[in-house]
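One-letter residues, chain by chain:
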Amino acid sequence: MNSITTADAPSAIGPYSQAIKTDQLVFVSGQLPIDPATGQMPETIAEQTRQSLTNARAILEATGTTMEKVVKTTVFLSDMNNFSAMNDVYGTFFKEGNYPARSAVQVARLPKDALVEIEVIAER
């Protein structure tokens, strides 16, 4: 088991790894929509979804895998009313017909008051 770190995604904001790589899988920690270059979060749910998935993609690429190998995602939303707008952006990150399994839940609050946080599990 190896801990993964890349400067192309935001640093962990607590005692956890950006991702853990095993022989067969990569577990990417929940990605907040923080731009690693600026440390800022965009405002809209669409922009935040795009940034969270861009961060997840950067971490996957640092492990030598891709979004095409994602088998499961979990989407945490601060408001389920944002589901449709999140879903529109989310769909652009995966090839049609090859979508991963997914759970999407509303939570009471996310770190830094983000609107969305997304974690992924991918094959290596």
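This write-up is about the structure you can find in this document. (Residues numbered from 1 in each chain as written. Predicted model: local features only at pLDDT ≥ 70, side-chain atom pairs only at ≥ 80, totals over all residues. Heavy atoms only, no water.)

## Some words on the overall build of the protein chain
Move 1: When its secondary structure is counted, the protein chain shows 2 helices and 6 strands.
Move 2: Scanning the protein chain from its N terminus toward the C terminus, one meets helices and strands in the order β-β-β-α-β-α-β-β.
Move 3: Against the 2.2 N^0.38 benchmark of 14 Å for 124 residues, the protein chain shows a C-alpha radius of gyration of 13 Å, consistent with a compact globule.
Move 4: With the C-alpha coordinates of the protein chain rotated into their principal frame, the extents come out at 40 × 35 × 25 Å.
Move 5: Across the 124 residues of the protein chain, 39% fall into the buried class.
Move 6: Of all intrachain contacts in the protein chain linking residues separated by at least 6 positions in sequence, the fraction that spans at least 24 positions is 69%.
Move 7: Just so you have it, the protein chain exposes about 6700 Å², and 47% of that area is on carbon and sulfur atoms.
Move 8: Positive and negative side-chain charges of the protein chain, numbering 10 and 14 respectively, have mean locations separated by a distance of 5 Å. (Helix = DSSP H or I, 4+ residues; strand = E, 2+ residues; numbered from the N terminus. Rg over C-alpha atoms; globule rule 2.2 N^0.38 Å. Buried < 20%, exposed > 50% of the residue type's maximum accessible area, 1.4 Å probe, protein only. Contact = heavy atoms within 4.5 Å. Areas by Shrake-Rupley, 256 points an atom, 1.4 Å probe, with all protein chains shown as cover. Lys, Arg positive; Asp, Glu negative; His and termini not counted. Charge placed at Lys NZ, Arg CZ, Asp CG, Glu CD.)

## Focus on the pairing of strand 4 (residues 70-77)
Move 1: Both strand 4 and strand 6 (residues 116-123) contribute to a ladder of 7 bridges, which runs antiparallel. Paired with Phe76 across the strands is Glu117, a residue of strand 6.
Move 2: Relative to strand 5 (residues 101-106), strand 4 runs parallel, the two sharing 6 bridges. In the strand pairing of strand 5, Thr73 is matched with Arg102.
Move 3: For the handedness criterion, the β-α-β arrangement of strand 4, helix 2 (residues 83-90) and strand 5 is classed as right-handed. (Pairing = 2+ DSSP bridges. Right-handed = clockwise from strand over helix to strand, strands pointing away.)

## A short note on the side chain of Thr6
Move 1: Relative to the elements of secondary structure, Thr6 occurs in the loop between strand 1 (2-4) and strand 2 (19-21).
Move 2: Thr6 has contacts with Gln18, Ala58, Ile59 and Ala62, leaving out every residue within four places of it along the chain.

## Focus on the nonpolar core
Move 1: Counting 23 residues, the largest nonpolar core has Val28 and Leu60 as the members making the most contacts within it.
Move 2: With 5 residues, the top contributor of residues to this core is helix 1 (residues 45-62).
Move 3: In this view, Val28 contacts Gln18, Ala19, Ala56, Ile59, Leu60, Glu119 and Val120; residues no more than four positions away in its chain are not counted. (Core = buried A, V, L, I, M, F, W, Y, C linked by side-chain atoms within 4.5 Å.)

## Section: unusual backbone geometry
Move 1: Of note, Lys112 is a non-glycine position whose phi angle comes to about 60°, a positive value.
Move 2: As for its placement among the helices and strands, Lys112 is situated in the loop between strand 5 and strand 6.
Move 3: Its identity as a non-glycine residue notwithstanding, Asp113 has a phi of 55°, on the positive side.
Move 4: Position of Asp113 relative to the elements: it lies in the loop between strand 5 and strand 6.

## So, the environment of Pro10
Move 1: Looking at where Pro10 falls in the secondary structure, it is placed in the loop between strand 1 and strand 2.
Move 2: In this structure the C-alpha to C-alpha distance between Pro10 and Ser52, which are 42 residues apart in sequence, comes to 9.8 Å.
Move 3: When neighbours within four sequence positions are excluded, Pro10 is seen to be in contact with Gln18, Gln31, Leu32, Ile34, Pro36 and Asn55.

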